[in-house]
Amino acid sequence: MSMPAMKSEAAVAAPAASAPAEIVTMTPKRAPVAEKYIKMAKETAVRVIPPLVVLALLLLFWELACRRAGSALPPPSRVFKETKELIFDPFFDRGGIDKGLFWHLSASLQRVALGYSLAAIAGVALGTLVGQSVWAMRGLDPLFQVLRTIPPLAWLPLSLAAFRDGQPSAIFVIFITSIWPIIINTAVGIRNIPQDYRNVAAVVQLNPLEFFGKIMIPAAAPYIFTGLRIGIGLSWLAIVAAEMLIGGVGIGFFIWDAWNSSHISEIVLALFYVGIIGFLLDRMIAIVGKFVTRGTAAN
């Protein structure tokens, strides 16, 4: 091929090489944030919708079953009508025990907070002792197994005789009711610490305090929080029952007073609040346990 011909081919090819590339329009992908929120909404719907459907069916059945004349229990519509003041004004205080539900629930929660906190501290300490020491387990475990079978209200007359006041008696009943699952689960968790952990602690020569804080408690935390969750439920059960007998301000006494006044709708409303608060207390301990144990505690 001659040189002029090669030059003309190069001249022709040059403009083609420099021609602008074709622009391809692509549909933008959905933002990752939007996908995340859609996924969260779907997960929430899966968790929330089934309980709401069951609750709606239950209320419908309750309404149809109790609406007929002569029914012993009021239907939901009547409960709402008769307890409207308590629902929309829970903060009223007319003196004495004539208070809104907020004050009754607040008094009960204060007693539970104090009694349960004491039980949590003593239960973890005793459970650690029983789980770590063979002699302590042999000496204390049979005693704990006997005492934990005593019903909560059976302790109330003894506590009233000892303290001669309803407030500390109720706190003691909460304490003595909720401490047993905390002790037992903590002891089981301590006994189930892997031997490898103990070997590592011996190699690095941890002192007893360091072993307790860095090995023992983190390893047993899932068991401890299982006991704490059981304990908080028992605490709430115990205070409602104890307040029915000791009187004063509290949700248990409110239920008993409503029964004596034949206000069945008020009892139904109070039971609804008792159930909701019990559920929230359990969820609160579960969330704390999940955070502390990095998701290894039962949810």
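Each chain has its residues counted from 1, running along the sequence as written. Whole-chain, interface and lining totals are the exception, using all residues; otherwise, since this is a predicted model, local features are given only for residues with pLDDT of at least 70 and side-chain atom pairs are given and counted only at 80 or more. Hydrogens and waters are ignored; side-chain quantities use all the structure's heavy atoms.

Draft legend 1. Structural detail: the overall build of the chain. Helix and strand counts for the chain come out as twelve helices and zero strands. Strands here are runs of E lasting at least two residues and helices are runs of H or I lasting at least four, both read from the DSSP assignment and numbered beginning at the N terminus. Order of helices (α) and strands (β) in the chain, N terminus to C terminus: α-α-α-α-α-α-α-α-α-α-α-α. When a residue's accessible area, from a 1.4 Å probe over protein chains only, is under 20% of the maximum for its type it is buried; when over 50% it is exposed; and in between it is partly exposed. Out of the 299 residues in the chain, the part that is buried amounts to 32%. Summarising the internal contacts of the chain: among those between residues at least 6 apart in sequence, 64% fall at separations of at least 24. Computed by Shrake-Rupley with a 1.4 Å probe, the accessible areas treat only the displayed protein chains as cover when residues are assessed. For the chain, the accessible surface area stands at approximately 19000 Å², while carbon and sulfur atoms represent 69% of it. The contact criterion used throughout is that any non-hydrogen atoms of two residues lie within 4.5 Å.

Draft legend 2. Just helix H10 (residues 208-246), in detail. In a helix, the anticipated span is given by 1.5 Å times the number of residues less one. Spanning 39 residues, H10 covers only 44 Å between terminal C-alpha atoms, well under the ideal 57 Å at 1.5 Å per step. Where H10 bends most, the angle comes to about 60°, and this point is Ala221, followed within four residues by the proline Pro222. Directly after H10, the chain includes Gly247, whose backbone phi takes a positive value near 75°. Note on bend: at a given residue it equals the angle between the axes fitted to the 7 residues ending there and to the 7 starting there.

Draft legend 3. The nonpolar core, seen in detail. The definition of a nonpolar core used throughout is a set of buried Ala, Val, Leu, Ile, Met, Phe, Trp, Tyr and Cys residues joined through side-chain atoms within 4.5 Å. By size, the foremost hydrophobic cluster in this structure holds 46 residues, and its most contacted members are Val112, Tyr116, Ile182, Leu228, Trp236, Ile239 and Ile251. Of all the elements in the fold, those that place two or more residues in this core are helix H5 (101-132), helix H8 (166-191), H10, helix H11 (251-260) and helix H12 (264-292). Tallying contributions element by element places H10 first for this core, with eleven residues. Each residue touching Ile239, except ones within four places of it in the same chain, is listed here: Ser108, Arg111, Val112, Ala170 and Ile174.

Draft legend 4. Examining the confidence of the model for the chain more closely. Residue-level confidence of the predictor is summarised by pLDDT, bounded by 0 at the bottom and 100 at the top. Of the residues in the chain, 88% have a pLDDT of 70 or more, and the chain-wide mean is 84. Within the chain, helix H1 (residues 3-17) has the poorest average pLDDT of any element, 46, and H5 the best, 93. Contacts from residues 1-17, a stretch scored under 50 in pLDDT, to residues over four places away or in other chains number two contacts.

Draft legend 5. How the structure looks around helix H6 (residues 134-147). Look at H6: 20 Å from first C-alpha to last across 14 residues, which is about the 20 Å you get at 1.5 Å a residue. At Leu140, H6 is deflected by roughly 35°, the largest bend along its length, and proline Pro142 occurs up to four residues later in sequence. Two N or O atoms count as a polar contact when they lie within 3.5 Å, although within protein this holds only if one can serve as hydrogen donor and the other as acceptor, and sequence-adjacent residues are included solely when both atoms are side-chain atoms. Sitting at the amino-terminal end of H6 is Ser133, which places a side-chain oxygen 3.5 Å from the backbone nitrogen of Trp135.

Draft legend 6. Examining the side chain of Thr177 more closely. Within the secondary structure, Thr177 sits in helix H8. Setting aside residues no more than four positions away along its own chain, Thr177 makes contact with Pro152, Leu234 and Ala238.

Draft legend 7. Focus on a nonpolar patch on the surface. Nonpolar side chains collect at one region of the surface, where Val48, Leu52, Leu55, Leu58 and Leu59 lie side by side and expose about 430 Å² of accessible area between them. Considering the arrangement of structural elements, one finds Val48 in helix H2 (residues 32-66). For patch detection, residues must exceed 30% relative accessible area and be free of salt bridges, and they are connected within 9 Å for like charges or within 5 Å for nonpolar side chains (Val, Leu, Ile, Met, Phe, Trp, Tyr). By definition, a salt bridge exists where a carboxyl oxygen of Asp or Glu is found within 4 Å of a side-chain nitrogen of Lys or Arg.

Draft legend 8. Looking closely at the pattern of salt bridges. Applying the stated rule across the entire model yields eight salt bridges. In this structure, Glu63 engages Arg67 in a salt bridge whose closest nitrogen and oxygen atoms are separated by 3.6 Å. Glu63 sits in the buried class, given a relative accessible area of 13%. Here Arg67 falls in the exposed class, since its relative accessible area comes to 61%. For Arg229, the salt bridge is made with Asp282, and the minimal N-O distance between the two is 2.8 Å. Here Asp282 lies in helix H12 and Arg229 lies in helix H10, a separation of 53 residues in the sequence. Bridged by salt links that share partners, the residues Glu85, Arg94 and Asp98 form one connected network.

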